[in-house]
Amino acid sequence: MNNLTICIGRQLGSGGRIVAKLIAERMGMAFYDKEIITEAARESGLDRKFFEKVDEKPSAGSIGSLSSYAMPYYAGCYMNTASYLSNDNLFSIQSSVIMALAHKGPSVFVGRCADYILRDEPDMLSVFITANTEDRIRRVCGYFSIDERAAAEMIRDVDRKRAEYYNYYTFKKWGDAASYDLCLSTSVIGVEDTAEKIIGVCREKFGQE
């Protein structure tokens with residue numbers, strides 16, 4: 001298998017993470033979602049809470065609200081937390097991790113601007129997963145055990161933050177068809193068939209079995 005990379009962007013409640021997981025399982029590929037945060041924390045020596053604080057959220061300077069955590073210690077001295085832990089530096093650390101993971105072998109990445117970070121990789125497919133509002137609310141209610149009103153508010157908030165994050169770091173537009181190779185709706189073809197459609201495109205485009 002070539003070093004295939006599939007990058008999945010998704011609306012909250014679209015089932016995009018499930019689609020990504022199915023693809024990884026069926027094609028024998030590594031799967032990375034929150035695992036990216038764990039790896040970034042391990043590689044940098046920073047508490048994962050720093051990365052969780054800014055995960056898929058727009059840049060806003062440095063994360064001063066986490067200043068009570070231990071400052072990173074390198075080369076015999078403490079780093080300047082305010083500058084080192086800016087959102088942009090944390091994004092840079094996470095980007096390096098995504099690149100390194102992609103080079104380990106065939107991988108499926110969920111969110112975190114992976115499609116932009118890996119844009120120069122020859123065998124990369126970028127996909128955006130969407131769904132209608134009713135399906136999204138139903139899924140979010142089930143995921144988080146909340147009512148429909150709370151689910152709708154969560155969807156608006158998370159989508160806004162993901163869009164701002166993606167637009168800021170990629171100079172593209174989150175969810176816009178022009179920003180991706182492929183856009184699919186799980187409301188139209190279902191989660192299982194969405195995964196199979198993407199697998200089929202990979203087989204045709206990259207010669208994957």
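Structure shown above.
Residue positions within a chain follow its written sequence, with the count starting from 1. Per-residue local features are limited, in this predicted model, to residues with pLDDT of at least 70; the limit for side-chain atom pairs, both in listing and counting, is 80 or more; totals at the level of whole chains, interfaces and linings are taken over all residues. Side-chain measures were taken over the full set of non-hydrogen atoms in the model, leaving aside hydrogen atoms and water.

A. A look at the pattern of salt bridges. When a carboxyl oxygen of Asp or Glu lies within 4 Å of a side-chain nitrogen of Lys or Arg, that pair is called a salt bridge. Counting across every chain of the model gives 18 salt bridges. The salt bridge partner of Glu196 is Arg26, with a shortest N-O separation of 2.7 Å. Of this pair, Glu196 sits in helix H9 (residues 186–206) while Arg26 sits in helix H1 (residues 16–27), and the two are 170 residues apart along the sequence. In this scheme, a residue with accessible area under 20% of its type's maximum is buried, one over 50% is exposed, and one in between is partly exposed, where area comes from a 1.4 Å probe on protein chains only. The exposure class of Glu196 is partly exposed, given its relative accessible area of 35%. Residue classification places Arg26 among the partly exposed residues on the basis of a relative accessible area of 37%. Across the salt bridge formed by Asp135 and Arg138, the nearest N and O atoms sit 3.6 Å from each other. Placement of the pair is Asp135 and Arg138 together in helix H7 (residues 133–144), with a separation of three residues, close to one helical turn. Think of it this way: any DSSP run of H or I at least four residues long counts as a helix, any run of E at least two long counts as a strand, and we number them from the N terminus.

B. View of empty space enclosed by the protein. Residues are said to line a cavity or pocket when one of their atoms sits within 4 Å of a point; the points come from a 1 Å grid over protein atoms alone, cavities being sets where a 1.4 Å probe fits but cannot get out and pockets being open sets with protein on both sides within 12 Å along at least five of seven lines. Grid points are joined across faces, edges and corners, and a volume is the space filled by probe spheres set on the points. Counted under the stated rule, the structure contains two cavities of 30 Å³ or more. Computed from the structure, the largest cavity encloses a volume of approximately 110 Å³. What lines the largest cavity is a set of 15 residues, and nearest its centre among them are Glu56, Gly111, Arg112, Cys113 and Tyr166. Tallying contributions element by element places strand S1 (residues 5–10) first for the lining of the largest cavity, with four residues. Its residues placed into classes, the lining of the largest cavity shows eight nonpolar, two polar and five charged. Approximately 80 Å³ is the volume found for the second largest cavity. By the convention adopted, Pro, Cys, Tyr, Trp, Phe, Met, Ile, Leu, Val and Ala count as nonpolar, Lys, Arg, Asp and Glu as charged, and the other residues, Gly among them, as polar.

C. Layout of the sheet that holds strand S5 (residues 107–110). The sheet built from five strands is open, its strands ordered S2-S5-S1-S6-S7 with parallel pairing. Of all strands in the sheet, those with a lone pairing partner are strand S2 (30–32) and strand S7 (182–185), marking the two edges. Averaged over all pairs of adjacent strands, the angle between their axes in this sheet comes to 20 degrees, without regard to strand direction. Pairing of strand S6 (residues 124–130) with S7, which is carried by four bridges, proceeds in the parallel orientation. Note on S7: the bridge partner recorded for Phe128 is Cys183. Whether two residues touch is decided by their heavy atoms; if any such pair falls within 4.5 Å, the residues are in contact. Helix axes are fitted only over the stretch in contact, all axes being lines through C-alpha atoms; the angle between N-to-C directions runs from 0 to 180 degrees. Across the sheet, helix H5 (residues 87–104) is in contact with S1, S2 and S5; its angle to S5 comes to roughly 155 degrees. One requirement defines pairing of two strands: DSSP has to find at least two bridges between them.

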